[in-house]
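These are the residues of each chain, in order.
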Amino acid sequence: MTGFTRRKMLTGAAAAAAGAVGSANLTTQTAAQTTAADDADRKLFVALSAGLTGIDKERLSPTVDPIQIDREYFKQAKTDPAFDGLMQIIRADPSNPEAAAGKVLFNSDPNIMYLGRSIILMWYLGAWYEPKTLQKFNSSPPRPPYPPDQIISPAAYTQGWTWRVAQTHPMGYSELLFGYWSNEPPKLEAFIRKLS
Amino acid sequence: MCAERMPNPDVLIVGSGIAGALIAWQLGRKGRKVLILEAGEALPPDINDYMKTFLAAKDKVPESPYPPALFGATGLTNPRTVNAGRPTVLSLLPKGGFGDWTDPKQAYLIQKGPRAFGSTYQRINGGTVRHWLGTSLRFVPSDFEMKSRFNRFVDWPIKYRDLERWYGDAEKYIGVSADVADQNYLGINFSSNYPMPKIPLSLVDMEVEKAMPNLKVADVGLDDLKWKVSSTPAARNSQPYQARRVCAGNTNCIPICPIQAKYDPSVTLAFALRTGNVDVSYKTVASKVYVDGNGRVSGIDFIRYDKDDGDPVERGRLTAKLYILAGNAIETPRLLLMSKSEQTPNGVANRRDDKGSVGKYLMDHPLYLAWALTDKPVWGYRGPLSTAGIEVCRDGRFRRERGAFRIEIGNEGWNFPIQDPDTTTVDFVNGLNGSGLNKDSKPLFGTGLTCALNEKLSRQFRLGFLVEQSPDDTNRVTVPDQVPDELKDHLGLTRPHITYDLSEYTKRGMAAAKTTASAIFKSMNAEEFTTEPKADDPITFEWPPGQTTRIKYFGAGHIAGTHRMGERSENSVVDSLQRSHDHENLYLVGSGSFPTIATANPTLTLAALCLRTADHIINKVLK
């Protein structure tokens, strides 16, 4: 985030010097740089998410993806104050998301640890549990159900991974055909492992 | 505006649920002019908005897709601010917090206790059958003869054979999938075939079925039973029918089928409107029924609004030759009891002395819910919410002593019991054990998480026992003459007041259900996880009597009995054709006419009763 901030400041100074004539081009360039940086961070976020969730990253963010739920989740996660600290862990070793996930979830900073859990639940349930809510649950376990702080979006509900892990579809969102329930589902791997 | 839409209708119907819609369609087909007053929102061109609301809802309860909004800025919508309010399961929670069942700012029904009435309903186009399961069982012959056969309660003024042909018509009109060969138990016979083949069994059903030969249930009157799993007749398409799609197993019949493979009354309403003889005035609340000096109903007052929480935009009175109240078994008696006048000092259809029965004998199927893990995967959360049940226990000599029950096998894992898969997922991610499945309360992630969740979720299943409730005159809907404003709706009408309890007969039925559930789980080698309810839970009772242990009963949404049929007005409100004993041009239709509730889900039976009533009106009254 430091680099991003510096780029933003430098661009701002250059734009002021260039005056009104050049400002449109510079703004476009800034947006492109910002987008590129953001995209790189989002990809790291997805990689870390794969380690956290146990779901292959290509499943979480397919190459061809009209839904692009990862963008919604990335945007939601960024709103948390501990996000930058969480991302530094995966940046330090982007080649090993499983290890990074472990460092997040066993972090000495509870803000990072609970944000990691919030991110897992976001992928699994399409819902956002504030890290503070999860922390509160642990200090004083409520009787279920545990209502989330918010549903990310209608699309997010339909993309919840807990359904696929149960080898099924979200309730209310079947893409299957009549009678499928009389037969065994495909194996778990077919739902969550790397696409061949 | 209402009168202009359909001037001088032959029939005025209050309520566009399945009862009102079916009768309107039958009358419209035969050229009778019908105007329906519907308290809630209009029939939409499709269900997309309802689906979006459902998908975005944090609490995916039966009411969640439908207006009015469940939540306001600070919590549950205050029913005082809504023109056509309705109850929600979210306001059945302990006193003192969110969803307090006794708080009129959160709960639409004014619950007077001693226990909470657990069922809810919709006031919207299509009524409560918008969010039904689709189960379309016939009653068994004994259900109509409780007094004669078991010396309990009352007989119906009709028998199974009187309703048999109307059952067949109802199955055709709403579109039921089933096979006669699976349904002719306990004396049920058929003179017609179902219009569609049965819905296939789920893997969960098959696993329960395997345990039936070895099942023994002692001490509840079921010792010698030959246990059997039966496919459940369902108003859910197994073939394209009525221009609707085949079921795709969305596992979401309640609250909403996203493809309308499950029947809902919007289908019948569309047929009714297509006759050109039926019209509906939406957002139009019937507020008072008038009776003239000859004892005939002379008109119904209405209040129309535009916004759910807005002021009325029109008031007036409508007249017709014949009047049909088809609200539900709470809203219909509410309207009758609100309609006090010099002619009707106790309310309409409620006699002039103190022997009237309007609002009394409120019933439901108190539902005992039990859940377990099988010893191998059965892959729940797939298929329709339920595809089979155990029906052979619906009748027997034990009905002299306790309520009977049927058993519904659920295909939705532990969604009903603990709102899974969400709860178990949170447990395993956050190191909790509310589900009982994460015994070490250990947080997991990565592959360990996927494996643990898959291993647990794929073995979940539940059983629901629909218990026969006794008709008790102390269980009732009332409408006091004077109440503070906070007990009214936004139109200034007093909300329904409910007094409710479970009799010993009903409780013994619930206790037998509990015993049977545990025996089934044992026979399946399944591990039971049914939890003990807390003492402050308003839908529980102590059992055994005098002990601190409790049994929880859920509402089944099967509201019945408050304008029951019978031969005399001393102990009933309508005759076998659902015509008021007191007013010959007034009909009160729906499950409110049931003298006893039996064990089958009530919709098919109330549909059959309504078709019989429509036939009578067409051929005998409005010839």
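Predicted model, so just to flag it, every value in this text is computed and none were measured.

Chain B puts 48 residues into the contact, and the matching count from chain A is 46 residues. Counting only elements with at least two residues in the side of chain B that touches chain A, the list comes to α3 (48-56), α10 (415-418), α11 (422-430) and α12 (446-457) of chain B. In terms of residues, the side of chain B that touches chain A owes the most to one element, α12(B), which gives 7 residues. For the side of chain B that touches chain A, the class distribution of residues is 22 nonpolar, 20 polar and 6 charged.

We now examine the domain arrangement of chain B. Many descriptions give the size of an interface as the accessible area lost when the pieces come together. Residue and element names in this part refer to chain B. What the domain assignment lists for chain B is domain 1 (2-77 + 122-190 + 255-354 + 560-621) and domain 2 (199-232 + 367-468 + 504-552). Computed over C-alpha atoms only, the centres of domain 1 and domain 2 are separated by 32 Å. The interface of domain 1 with domain 2 comprises 16 residues on the first partner and 17 residues on the second.

With that settled, consider the sheet that holds strand β12 (residues 405-410) of chain B. Residue and element names in this part refer to chain B. Spatially, β4-β11-β12-β13-β10-β16 is the arrangement adopted by the 6 strands of the open sheet, whose pairing is antiparallel. Both edges of this open sheet fall to β4 (230-231) and β16 (527-528), since each of them pairs with a single strand only. Relative to strand β13 (residues 460-467), β12 runs antiparallel, the two sharing 6 bridges. Looking at β13, one finds that Ile 409 is bridged to Leu 463. Together, β10 (367-373), β12, β13 and β16 form the strand contacts of helix α13 (residues 504-523), whose direction differs from that of β13 by roughly 155 degrees.

Here the residue pair A:Pro144 and A:Pro145 is connected by a cis peptide bond, since its omega of 5 degrees sits within 30 degrees of zero. Take A:Pro145: it is sitting in the loop between α7 (131-139) and β2 (150-151). Residue B:Pro421 is bonded to the preceding B:Asp420 through a cis peptide linkage, with omega at 10 degrees. Examined against the element boundaries, B:Pro421 turns out to sit in the loop between α10 and α11. Backbone geometry at B:Tyr381 places phi at a positive 60 degrees, although glycine is not the residue there.

Counting all residues, the mean pLDDT for chain B is 97, and 99% of those residues have values of 70 or more. The ipTM, which scores confidence in the relative placement of chains, is 0.95 for this predicted complex, and the corresponding pTM is 0.94.

Residues and elements named next belong to chain B. With antiparallel pairing, 3 strands are arranged side by side in an open sheet as β6-β7-β8. Every interior strand has two partners, whereas the edge strands, β6 (284-291) and β8 (312-318), have only one. For this sheet the average axis-to-axis angle between neighbouring strands, irrespective of direction, equals 15 degrees. Relative to β8, strand β7 (residues 297-305) is paired through 6 bridges, and the arrangement is antiparallel. Residue pairing for β8: Arg 304 is matched across the bridge by Glu 314.

Residues and elements named next belong to chain B. Where helix α2 (residues 18-29) contacts helix α8 (residues 266-274), the axes come no closer than 8 Å and their chain directions differ by 25 degrees. What the angle tells us is that α2 and α8 run roughly parallel. Handedness of the α2/α8 crossing: left-handed. Along its contact with α2, which presents Ile 18, Ala 21, Leu 22, Ala 24, Trp 25 and Gly 28, the element α8 presents Thr 268, Leu 269, Phe 271 and Ala 272. Residue classes in the contact of α2 with α8 are distributed as 8 nonpolar, 2 polar and no charged.

Bringing the confidence of the model for chain A into the picture now. Across chain A, the average pLDDT comes to 86, with 82% of residues at or above 70. Residue range residues 1-22 of chain A is modelled with pLDDT below 50. Its contacts to residues more than four positions away, or to other chains, number 10 contacts.

Criteria and cut-off values
Residues numbered from 1 in each chain as written. Chains lettered and ligands numbered in written order. Predicted model: local features only at pLDDT ≥ 70, side-chain atom pairs only at ≥ 80, totals over all residues. Contact = placed C-beta atoms within 7 Å. Helix = DSSP H or I, 4+ residues; strand = E, 2+ residues; numbered from the N terminus. Nonpolar A, V, L, I, M, F, W, Y, C, P; charged D, E, K, R; others polar. Domains from an automatic or database assignment. Pairing = 2+ DSSP bridges. Axes fitted to C-alpha atoms, helices over the stretch in contact; angles between N-to-C directions. pLDDT = per-residue confidence, 0-100. Parallel < 35°, antiparallel > 145°, perpendicular 65-115°, else oblique. Left-handed = near helix turned anticlockwise from the far one by under 90°.

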